[in-house]
Structures are given as C-alpha cells and as structure tokens.
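# Structure at a glance
Spelled out, the chains give:
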Amino acid sequence: MGGAKTDIKLISKGKRIDGRGFEELRPIKIEAGVLKRADGSCYLEWGKNKVLAAAYGPRECFPKHTQNSYRAKLTYRYNMAPFSTDDRKRPGPDRRSTEISKVSREALEKVVFLEYFPRTAIEVYVEVLQADAGTRCAALTAASVALADAGIPMRDLIVACAAGKVDDEIVLDLCQEEDNYGSADLPIAISPRTGQIHLMQMDGTLTRKEFSTAFEMAQKGCLKVNELQKKALKDKYEKIGEEYGTE
Ligand code: ADP
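Remember, it's a predicted structure, so these values are computed and weren't measured experimentally. (Residues numbered from 1 in each chain as written. Predicted model: local features only at pLDDT ≥ 70, side-chain atom pairs only at ≥ 80, totals over all residues. Heavy atoms only, no water.)

## Considerations on the sheet that holds strand 3 (residues 28-32)
- Spatial ordering of the open sheet is given by 3-4-5-7-6, a layout of five strands whose pairing is mixed. The open sheet is flanked by strand 3 and strand 6 (73-80), the only strands paired with a single partner. The sheet shows a mean angle of 15° between the axes of neighbouring strands, taken without regard to direction.
- Strands strand 3, strand 4 (40-46), strand 5 (49-60), strand 6 and strand 7 (120-130) of the sheet are contacted by helix 2 (residues 135-149), whose axis makes an angle of about 150° with strand 4.
- Contacts between helix 4 (residues 208-243) and the sheet are confined to strand 3 and strand 4, with strand 3 contributing the most and set at about 35° to the helix. (Pairing = 2+ DSSP bridges. Helix = DSSP H or I, 4+ residues; strand = E, 2+ residues; numbered from the N terminus. Axes fitted to C-alpha atoms, helices over the stretch in contact; angles between N-to-C directions. Contact = heavy atoms within 4.5 Å.)

Below, the structure is given as structure tokens:
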C-alpha cells in the first residue's frame, strides 16, 4: 500500500486487474472440521490466499499464573509460512504478525463467552499457507469458523472483509497488486447478526465520503462471506449426521 506512482494500470474499461467488477469478491471456499487433532478447524481459500485455522479449548491454562479467575484466557496466533509469499518470509513472529494477532484476539474476545470458562485457555492458531493480500481478514474469518466448529459458545460469528481505493475507485476485497499499488485499504470485522464492529484498520488515505462508501462496501462483503461460513458449518454437521444415521 502507499499509492506509489506506477505504470501498472489497475483498472481498465470498468474492470480490475484480475477481471473483477468493483464490488466483486474473489472466489471463496470454506471448509470446517479439516483437522483431526484440533477441537475445531477450518480451511479457507480466498482468491489466492490459503489459510488453515485450528481452535482448542476450553482447556487447562498453562502457565498457571496466567489463569484468570473470572474468565477464559483467549490466545490467537497468526503466522505466515516462509513459503507463503513471493520472497521467502523470514520464519517466526515479527511486528506485523504480532499486531495482527493482537487485533484479531481482541475482536474474538468480544464474541466468545469467556466468562463461562474461568481459569481455562481457549487457543486459536492460524497458518497462512499462501498470501495474496487480505490475509488478516481471511485468517479471522477462518478462526471464527474453527471456534464454532470446536463448539465454543459464541454470541455470533465474526466475519472480516476489506474495501479500498484503487485508481480513484472504491473497490471491494483488494488483491495483491491492488494492495501494493492502490491508495487505501480498509479491513473490517463485524458480527453479522448485530452489525457490531470488532476490527477496523486503515492503510492509506480516504476522504470522508470515500471512507463511508468503502465501509459500506466492506460491510456488504462481510455479509456475503458470512453465508459461506454458515454453509461450511452446516455441511460439516450434516456430514456427521449422515455418518451417525440421523436426518
Ligand atoms: P493483509 O494480508 O491482511 O492484507 P498486509 O496489508 O500487511 O496484510 O499485507 C498485504 C500482503 O502483502 C500480504 O497478504 C502478503 O501477500 C504480503 N506480505 C505481507 N508481509 C509480507 C512479508 N513479510 N514478505 C512478503 N510479503 C508480505
């Protein structure tokens, strides 16, 4: 991001660099319950992004001095695999992944009923296997499905999506080229049922009017992605129903 002047034409004849319309999401696939060892899990493909989320808990909280007597301790680890980007990404945590983990954890703390499980730990791990912009949104969307798949009580799912500004147009769900050479990116995360906003960040600059347009566009994007989250969870439990011979 940064709106660097470039010869790359990001929008031509009303279409974006990857052929999408301004309000079009990249193709998204969500599958729940993909990992045997985790309590809940989710595999999500969003355009060229590929992420895997695992959720554990509520389980015993270690080290014990980090236990909270009134509620569960929620941890969230966002990690990019070294092979997830064009240049090899240096393995391990960095400032960016620490920041993404923090804001994503704070978002999930708003929807998980932590007070039901004092002294326990609820842990979420998200591995970005392939990155193409929008990974914090993809990761949080997958994490929320993994938590629901683990049967952890939540007020609502959380769903995330971004909108931004590219070649003076407000567009939904920026891809890597748009993120690199566009002039603003506005990722948000909401609870689809209540509309509550749990995460909002912005890179670049927007006028007040552009901000409102981008925000509304991102909200609409979130609601579309939420339909896919719900379907993934329904499909998983229908499959279990079939295995156990129930309707
Ligand atoms: P998000 O993935 O949530 O959009 P950023 O805007 O920080 O987060 O990053 C945009 C994209 O830039 C990432 O999805 C990824 O493709 C790429 N990227 C981020 N960090 C690195 C890195 N350390 N090395 C190479 N590419 C990176």
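## Digging into the site of the ligand
- Taken together, M80, T85, K89, R96, A131, D132, A133, G134, T135, R136, Q176 and D179 make up the full set of residues adjacent to the ligand.
- Here an oxygen atom of the ligand and a backbone polar atom of G134 are 2.7 Å apart.
- Taking T135, its side chain carries an N or O atom lying 2.4 Å from an oxygen atom of the ligand.
- Computed on the free molecule, the ligand has an accessible area of 530 Å², of which 76% lies beneath the protein chains in the complex.
- Those elements that provide at least two residues to the shell around the ligand are helix 2 and helix 3 (176-181).
- When the residues that make up the shell around the ligand are grouped by side-chain class, the tally is three nonpolar, four polar and five charged. (Near = heavy atom within 4 Å. Polar contact = N/O pair within 3.5 Å; in protein donor to acceptor, adjacent residues only side chain to side chain. Areas by Shrake-Rupley, 256 points an atom, 1.4 Å probe, with all protein chains shown as cover. Nonpolar A, V, L, I, M, F, W, Y, C, P; charged D, E, K, R; others polar.)

## Observations concerning a nonpolar patch on the surface
- On the surface, a nonpolar cluster with roughly 230 Å² of combined accessible area is contributed by I8, I17 and Y181.
- Here Y181 shows up in helix 3. (Patch = residues over 30% accessible without salt bridge, like charges linked within 9 Å, V, L, I, M, F, W, Y side chains within 5 Å. Salt bridge = Lys/Arg side-chain N within 4 Å of Asp/Glu carboxyl O.)

## Let's talk about unusual backbone geometry
- Put simply, G57 and P58 share a cis peptide bond, and its omega is -5°.
- Cis geometry marks the peptide bond from F62 to P63; its omega dihedral reads -15°.
- Within the element layout of this structure, P63 appears in the loop between strand 5 and strand 6.
- A positive phi angle, near 70°, is found at R119, a position not held by glycine.
- Relative to the helices and strands, R119 resides in the loop between helix 1 (95-109) and strand 7.
- Among the residues examined, R119 registers a relative accessible area of 45% and is labelled partly exposed.
- Phi at D173 takes a positive value of approximately 55°, unusual for a residue other than glycine.
- Within the fold, D173 resides in the loop between strand 9 (169-172) and helix 3. (Buried < 20%, exposed > 50% of the residue type's maximum accessible area, 1.4 Å probe, protein only.)

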